[in-house]
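Structural characterization, general
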Amino acid sequence: VISENILSVNNIEVIYDHVILVLKGVSLHVPKGGIVALLGANGAGKSTTLKAISNLLQAERGVVTKGNIEFMGNQVQSLSPNELVKRGCIQVMEGRHCFGHLSIEENLLTGAFTRKDGAAAIRRDMEMVYNYFPRLKVRRSSQAGYTSGGEQQMCAIGRALMSRPSMILLDEPSMGLAPQLVEEIFDIVKQLNEDTGVSFLLAEQNTNIALRYATYGYILESGRVVLDGSGEALRENADVKEFYLGTG
Ligand code: ATP
């Protein structure tokens, strides 16, 4: 069977410190070329879900995970995060995580660390990143730690692109950014998706913007998916309007 989903998460549970059940059986699917939003309040388990997928929880002490995760038709729940990056799935962590003491350009280069192809190909992809994020080109020699929050978010996404991913897990791209900048970043995400077919799973507290860009969404509450549907269906849902959009 050829899977139409690039990513399938089936019934994952995450337990912190051996006792705190944070994800209580989460299942979700990202179609090839989709932009899927993972929504929910602070603490609902969005970041934990992304980290479970990218296997960043493996390194945390006392964390137990169950369930299975399929990426491009293969079981990946026991792979290292690096191996997953090599296979094309990469996470952009919440809080942007650029290397503050490196320049923007050096940060982008670090994103190519899993690649075995030559400098010329890496150079080409860097130009591609600069095409999508002209601000990064302007700031290419600046120390990342001294650039704005928006530029650091762009740098984090650009660095992820340097691994040539087919799927990006994007954690809270809107965090701490002015509305106009959030819009700019979501526009670029959409453009990247349309041009290159890269799929996105994005965790967002900003339901309004996420549902305008996402093809599909899941709403998490206390570690469970309580509602899912197309972006449009969720925008029209009475509970979503009342509790998440404030327009009910
Ligand atoms: P946020 O937007 O704040 O990141 P979230 O929906 O992404 O919210 P998570 O960060 O996944 O939520 O956290 C889910 C729950 O797990 C919270 O109650 C949080 O306190 C708890 N938690 C997160 N990380 C750990 C950890 N390392 N050890 C113990 N509990 C944790």
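Residues numbered from 1 in each chain as written. Predicted model: local features only at pLDDT ≥ 70, side-chain atom pairs only at ≥ 80, totals over all residues. Heavy atoms only, no water.

Under an unreviewed UniProt entry, the name given to the protein is High-affinity branched-chain amino acid transport ATP-binding protein LivF, and the source organism is Granulosicoccus antarcticus IMCC3135. Turning to the protein, the UniProt record has this under Sequence similarities (unreviewed entry): "Belongs to the ABC transporter superfamily." (UniProt positions renumbered as here; feature names shortened; annotations may be inferred.)

If you walk across this open sheet you meet the six strands as β6-β7-β8-β3-β9-β10, and the pairing is mixed. Bordering the open sheet on either side are β6 (89–92) and β10 (224–230), each of which pairs with just one other strand. For this sheet, the mean angle separating the axes of adjacent strands, direction not counted, is 15°. Two elements, strand β9 (residues 216–221) and β10, share six bridges in a ladder whose sense is antiparallel. Within β10, the position partnered with Glu221 by the bridge is Arg224. Against the sheet, helix α6 (residues 149–161) contacts β6 and β7 (167–171), and its axis sits at roughly 170° relative to β6. (Pairing = 2+ DSSP bridges. Helix = DSSP H or I, 4+ residues; strand = E, 2+ residues; numbered from the N terminus. Axes fitted to C-alpha atoms, helices over the stretch in contact; angles between N-to-C directions. Contact = heavy atoms within 4.5 Å.)

Near the ligand there are 15 residues, and of these Asn42, Gly43, Gly45, Ser47 and Thr48 occur at the shortest range. One of the side-chain N or O atoms of Tyr16 is found 3.4 Å from a nitrogen atom in the ligand. Within the contact set of the ligand, an oxygen atom lies 2.8 Å away from a backbone nitrogen or oxygen of Lys46. Across the complex, the protein chains shield 66% of the 630 Å² of accessible surface that the ligand would expose by itself. Here the shell around the ligand gets three residues from one element, more than from any other, and that element is helix α1 (residues 46–54). When grouped by side-chain class, the residues that make up the shell around the ligand number four nonpolar, six polar and five charged. (Near = heavy atom within 4 Å. Polar contact = N/O pair within 3.5 Å; in protein donor to acceptor, adjacent residues only side chain to side chain. Areas by Shrake-Rupley, 256 points an atom, 1.4 Å probe, with all protein chains shown as cover. Nonpolar A, V, L, I, M, F, W, Y, C, P; charged D, E, K, R; others polar.)

Turning next to the sheet that holds strand β4 (residues 64–71). Taken in spatial order, the four strands line up as β2-β1-β4-β5 in an open sheet, and their pairing is antiparallel. Edge strands, defined here as strands with exactly one partner in the open sheet, are β2 (20–31) and β5 (74–75). Strand direction decides the pairing type here: β4 and β5, joined by two bridges, are antiparallel. Each residue of the ladder has a partner; that of Phe71, found in β5, is Asn74. Strands in contact with α1 are β1 (5–16), β2 and β4; relative to β1, the strand with the most contacts, it is inclined by about 115°.

Before going further, it helps to examine unusual backbone geometry. Of note, the phi angle at Met72 is positive, near 50°, even though the residue is not glycine. Within the fold, Met72 resides in the loop between β4 and β5. Within the chain, Ser222 stands out as a residue other than glycine whose phi angle is a positive 45°. The residue Ser222 is located in the loop between β9 and β10 in this model.

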